[in-house]
Amino acid sequence: MLRDSVVLGIFVVATASSLGWSSDDARVLEEKAASFQQDLLDKHWLDGLYVSIVPSTPQGVQLPHTVNEPGNVIHSGVWTGRYLAGVAYQYAVTQDPWVREHGGEVLMALRRLQEVTGKPGLLARGYVRGHGPVEDWERDGRDSVEWHQGTGDYADYRWYGDVSQDNFNAVLYGYAVYYDLAADDEQKEFITQDTKRLMTHLLENHCRIIDVDGEVTQWGHLGFDPDPARDEYYNTIVLPRYRRWGAEGVASLPLRASLLLLPDLLIAHHITGEEQYLDLYRRVVDRYKDNPEPELYRRPHSLATLARTDHSSEGQRYEALYNLIRYERDPKLLALYNSWLADLWDRNWMEGNSLFAYTTFALWPQHQPPPRPGQPQAVPSSVPHAEEALALANESLRQYPVDRVLRPVMNSLRKEIPLNPEVPASERPQSATPLPVNERPLDNEYIWKGNPYQLDAWLKPTVTAWAFACDDPLVAWFTDSAGRIFMTLDGGDSWNSMTAGLRGASVQNIVASDTRTFVLWAQTNEGVFLTRDGGMSWRPAGEADVPTFPQHDFHKGVPLKNGAQLRIDENSRLVRTSANGQTTELAMEGWRIPLARSLFSTPWGVIAGGPGGVYRSDDGQQWQELTLWRENETGPADYLHAYWMGRYYGYLPAPAK
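Residues numbered from 1 in each chain as written. Predicted model: local features only at pLDDT ≥ 70, side-chain atom pairs only at ≥ 80, totals over all residues. Heavy atoms only, no water.

A. Just the overall build of the chain, in detail. Helix and strand content of the chain: 14 helices and 30 strands. Taken over the C-alpha atoms alone, the chain extends approximately 80 × 60 × 50 Å along its principal axes. The burial tally for the chain puts 57% of its 657 residues in the buried class. Excluding contacts between residues fewer than 6 apart, the proportion of contacts in the chain whose partners are at least 24 apart in sequence is 62%. Accessible area for the chain stands at about 27800 Å²; split by element, carbon and sulfur atoms hold 49% of it. Distance between charge centroids for the chain: 2 Å, based on 61 positive and 86 negative side chains. (Helix = DSSP H or I, 4+ residues; strand = E, 2+ residues; numbered from the N terminus. Buried < 20%, exposed > 50% of the residue type's maximum accessible area, 1.4 Å probe, protein only. Contact = heavy atoms within 4.5 Å. Areas by Shrake-Rupley, 256 points an atom, 1.4 Å probe, with all protein chains shown as cover. Lys, Arg positive; Asp, Glu negative; His and termini not counted. Charge placed at Lys NZ, Arg CZ, Asp CG, Glu CD.)

Printed below as a string of C-alpha cells:
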C-alpha cells in the first residue's frame, strides 16, 4: 500500500519513496531490463523477429532458429510489433543510438513478414530459416497447410500464413509508437511505405486479410466495412460470431464491434497523411456510433464474469484504445472511447497488470504525454483505485520471474487460495483473487495477456512404462500418458521420440527383448507393434512374436537398496516404509509438486513421477529430477514493453544517477 501520497490538483503524486521503493529497487529493475534484452538477442532474435518460445538453453547460448529447432513463430508478428513499441519507449527515455539502430532491425523483420509471403501487404505470422518440414509442426506425420517456402530473395525462409487481426493490429501499434517516439526521417519513410502496403491490402479487400490462397484468413475480419452493400456478406459469414452481442444484423452492431479497425485507420492517416483513411474512419463511426451497447457490457463486474473473461482479448482492446485515444480529438468520441477503457479497467485494475495499468494512466481522461520522457509523472486521481493499482503494477515488475522456463505449477493444492465458485466443476479451477505474478504459471507467450486467476499449468504427463536394453545400460525407453514412446542412448542425458513410425497409434505398454539390444514390442490401441532398430521403424507383430507385457500396479511397494520400501498411498503421496516396517514417512522432499502417479523399480534405481516431473532415487530420500521431455522457455519482451512504457511516462521510478 502507498504510505505518503500528496494530492495536487487532479493528480496523485506518487514518488519512489511514497511507493515504498528504494533507489536499489529501481536499479535492480533497470539491470533486469538490460539482462533480459541480452537474453532476447541471444535466444529469441531471428533477423529482428521476436521468437516467443524456444528450447531451454543455458544463459548466453545463441539459438539459430531453423526448421530443425522448434521455436514458436506463429505469433511472432504480434509480439514483435509490441516489442517495437517497447523499443520506442526505451529510445525516448535513453536517447541511445544503439536502441534506434536496434529498432531499425525490428522494422526490417516486420517488412520481411510482408515480403516473404510474395503478396504485397500480406503479413506472415512468422518465419524460420531453412528448408524442409519444421520440427514440432510438420514432422512426425503432422501436416499444416499454413507453412510455405519462400521464393526469390526469401527462398531460404520457411514461413507460416493465416495471419489474424491481432498480428495485423500489433504491427501497426508498434509502427505508430515507434514513428512518434523514436524514428529518424529514414525510418519514418520506411514505416510510411509499409503502412501503406498493409492498409492498401486491407481496404482493397473490404477490411479483410486475404491469404495467398485467395481466401480470407480464419480471423481476418478487422471490423466492418460501412458500405451497406456488404451487409448481406457480414450477416451470412461474420455475424454468427457476434450473436452474444445481441445484434440481429450487422447494421445494429455497436461501434465497439469495429474497435480493432478504428485505430488502424487513424494510425494510417497519422503516418501517411492520406485522407482516404480518415474518410473511412468517419464513415464507420457515423454508421455505428448511435447503436446501443450490448447487454454483456452493461452487466456489473462479478466472479461469474471474471470466470469467463478472455484476458488475451483484453490486451488487444487496450492496444487498440491506446492509439485510438491518442489520435482522436473529438470530445464526444473520446468520451465514448474512455467508457470502453473504463469497462476494461473495472475488470482488471486489481490484477497487477503493469502494461494495462500504465496504458490506462496514460489515456485517462485523455492522453497525457510526459512533460519530458522519463520525468516522474503523476497518475490521474480520476482513475479509480489509481494509487493501489500503480503500486500493484510496479510490484509486478519487481516480482517478474527471472527464470522463464515453462515449469509445472499446481496452485490448486494450496488450501489458502480462495477458489472462484462460478467456475464450472468440469473446467480447471480458478482463484477468486489475482495471484502474484511470480506465483502464477508462466503465460505461454506474453505474461500481460495471461489469466492471473489460473492456478495450474504445464503439468507433466504420467510415465506409464519403462524398458531397458538387455546388454547396454545406457539404452532405455519409456512411454507416457500421451501415448508416446521415447528412447535414450546416453543413459538419460537426452531423449528422442520414437513415435513417428507407429502411424498415429497410441502406445500403452512396452517390453524389451532379453537377448537383443534394440528389439522392442509396443502394445498400442491398434495392436502390438515390433521394432528391431529401437523404434526408428515399426511393423505389426505376428501373434507368435508377442511377449507378455508387464502389469504395473503403481500402488504396490518397490524395494530400495537399503531394504526399505516405497509406495504411492491413497492420497497420491509417495511414502517410505523402513526396512523393519516400524516407521512410515513422506518421501517427496525436493519434489516440485508433491503428487505421484507412477513408480518403477529399474536398473537406474527407483523412478517415480507425477504432474510436477519425474525423479530418480536410490534411497527414497535424495531425489534427482530427470529431464525426459524437452523443456521450453518464454522470452522477456513482455517485461521490456511494460518496463520502458512505465519509465517513459514516469510511473515507474528511474534509478538514481
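B. Here's a closer look at the pairing of strand β24 (residues 574–577). Where burial is concerned, the two faces of β24 agree: the one with Leu574 and Arg576 and the one with Val575 and Thr577 are both buried. With four bridges joining them, strand β23 (residues 565–568) and β24 adopt antiparallel strand pairing. Residue pairing across strands places Arg567 opposite Val575, the latter belonging to β24. In this antiparallel pair of consecutive strands, β23 and β24, the connection spans five residues, and Ser572 shows a positive phi of 60°. (Pairing = 2+ DSSP bridges.)

C. Inspection of the pairing of strand β26 (residues 598–602) at higher detail. Counting buried residues along β26, four of its five residues qualify, which places the element largely inside the surrounding structure. Taken together, the five bridges between β26 and strand β27 (residues 605–610) define a ladder with antiparallel strand orientation. By the bridge assignment for β27, Leu599 is matched with Ala608.

D. Representation of the side chain of Gln430. For Gln430, the position within the fold is in the loop between β12 (409–410) and β13 (456–457). Here Ala307 takes part through its backbone oxygen, which lies 3.4 Å from a polar atom of the side chain of Gln430. Discounting residues that sit within four places of it in the chain, Gln430 has contacts with Leu306, Ala307, Pro418, Leu419, Asn420, Val423, Asn451, Tyr453 and Leu455. (Polar contact = N/O pair within 3.5 Å; in protein donor to acceptor, adjacent residues only side chain to side chain.)

E. Structural detail: unusual backbone geometry. Cis rather than trans, the peptide bond between Trp364 and Pro365 has omega equal to -5°. One non-glycine residue with positive phi stands out, namely Gln95, at about 55°. The residue Gln95 is located in the loop between α2 (76–94) and α3 (97–115) in this model. Looking at Gln95, the relative accessible area reads 47%, which means it is partly exposed. Phi is positive for Asp162, close to 60°, though the residue is something other than glycine. For Asp162, the location among the structural elements is in the loop between β8 (157–160) and α4 (165–181).

F. Representation of the packing of aromatic side chains within the structure. Taken as a whole and judged by the stated rule, the model has 37 aromatic pairs. Ring geometry for Tyr400 against Trp448: centres 6.5 Å apart, planes inclined by 45°, an arrangement best described as tilted. One end of the pair, Tyr400, is in the loop between α13 (386–399) and β12; the other, Trp448, is in the loop between β12 and β13, and 48 residues separate them in sequence. Accessibility assignment for this pair places Tyr400 and Trp448 in one class, buried. Three or more aromatic residues joined by ring pairs form one cluster here, namely Tyr89, Trp345, Tyr358, Phe361, Tyr648, Tyr649 and Tyr651. Here the guanidinium or amino end of Lys188 rests over the ring plane of Tyr179, the centre of that ring lying 5.2 Å away. Above the ring of Tyr234, the side-chain terminus of Arg230 is found at 6.0 Å from the ring centroid. (Phe/Tyr/Trp six-rings, centres within 6.5 Å; stacked < 30°, edge-to-face > 60°. Lys NZ or Arg CZ within 6 Å of the ring centre and 35° of its normal.)

G. How the structure looks around the pattern of salt bridges. For the coordinates displayed, the defined rule picks out 33 salt bridges. Here Glu293 makes a salt bridge to Arg256, at a shortest N to O gap of 2.3 Å. Of the two residues, Glu293 sits in the loop between α8 (275–288) and α9 (303–307) while Arg256 sits in the loop between α6 (231–237) and α7 (262–272), which places them 37 residues apart along the sequence. For the salt bridge of Asp343 with Arg256, the shortest nitrogen-to-oxygen distance reads 2.8 Å. Taken as a pair, Asp343 in helix α11 (residues 331–348) and Arg256 in the loop between α6 and α7 lie far apart in primary sequence, 87 residues in all. (Salt bridge = Lys/Arg side-chain N within 4 Å of Asp/Glu carboxyl O.)

H. The sheet that holds β27, seen in detail. Read across the sheet, four strands follow the order β26-β27-β28-β29 without closing on themselves; strand pairing throughout is antiparallel. Each edge of the open sheet carries a strand with a single partner, namely β26 and β29 (624–626). Strand-to-strand twist in this sheet, taken as the mean axis angle between neighbours without regard to direction, amounts to 25°. Looking at chain direction, β27 and strand β28 (residues 613–617) are connected through five bridges and run antiparallel. Bridge pairing links Val606 to Ser617 in β28. (Axes fitted to C-alpha atoms, helices over the stretch in contact; angles between N-to-C directions.)

I. View of the sheet that holds strand β22 (residues 558–559). Within the open sheet, the four strands sit side by side as β22-β23-β24-β25. Their pairing is antiparallel. At either end of the open sheet lies a strand with only one pairing partner, and these are β22 and β25 (584–586).

J. Expanded view of empty space enclosed by the protein. Using the criterion set out here, one finds four cavities of 30 Å³ or more in the structure. Roughly 80 Å³ of volume is contained in the largest cavity. Residue contributions to the lining of the largest cavity peak at four residues, all from helix α10 (residues 311–327). Residues that form the lining of the largest cavity fall into these classes: five nonpolar, three polar and two charged. (1 Å grid on protein atoms, 1.4 Å probe; cavity = no way out; pocket = protein on both sides within 12 Å on 5 of 7 lines; lining within 4 Å. Points joined across faces, edges and corners; volume = space filled by probe spheres on them. Nonpolar A, V, L, I, M, F, W, Y, C, P; charged D, E, K, R; others polar.)

K. Broad picture of α13. For α13, spanning 14 residues, the distance from its first C-alpha to its last is 20 Å, which sits close to the expected 20 Å at 1.5 Å a residue. Of the residues making up α13, those classed as buried are Ala386, Ala389, Leu390, Ala391, Ala393, Asn394, Ser396 and Leu397. Of the surrounding elements, those touching the buried residues of α13 are α1 (23–43), α11, α12 (354–363), β11 (379–380) and α14 (637–649). (Expected span 1.5 Å × (residues − 1).)

L. Seen up close, the packing of α2 against α4. Look at α2 against α4: their axes get within 7 Å of each other, and the N-to-C directions meet at 15°. Compared by their axis directions, α2 and α4 come out roughly parallel. Like other packed secondary-structure pairs, α2 and α4 cross with a definite hand, here left-handed. Residues Gly77, Val78, Gly81, Arg82, Leu84, Ala85, Val87, Ala88, Tyr89, Tyr91 and Ala92 of α2 form the contact with α4, whose participating residues are Asp166, Asn167, Ala170, Val171, Tyr173, Gly174, Tyr175, Val177, Tyr178 and Leu181. Taken together, the residues of the contact of α2 with α4 break down into 15 nonpolar, four polar and two charged. (Parallel < 35°, antiparallel > 145°, perpendicular 65-115°, else oblique. Left-handed = near helix turned anticlockwise from the far one by under 90°.)

M. Local environment of the environment of Ala482. Mapped onto the fold, Ala482 is located in the loop between β15 (476–480) and β16 (485–488). Exposure remark for Ala482: the relative accessible area of 48% places this residue in the partly exposed category. Here the alpha-carbon distance between Ala482 and Thr433, two residues 49 residues apart in the chain, equals 32 Å.

N. Region of interest: the packing of helix α5 (residues 185–204) against α7. Put simply, α5 and α7 touch, their axes get as near as 10 Å, and they point 140° apart. With respect to α7, the element α5 is oriented oblique. Here the hand of the crossing between α5 and α7 comes out left-handed. Facing Ile191, Thr192, Thr195, Lys196, Met199 and Leu203 of α5, the residues of α7 in contact are Asp264, Leu265, Ala268, Ile271 and Thr272. In terms of residue class, the contact of α5 with α7 is built from six nonpolar, three polar and two charged.

Just geometry here; none of it tells us what the structure is for.
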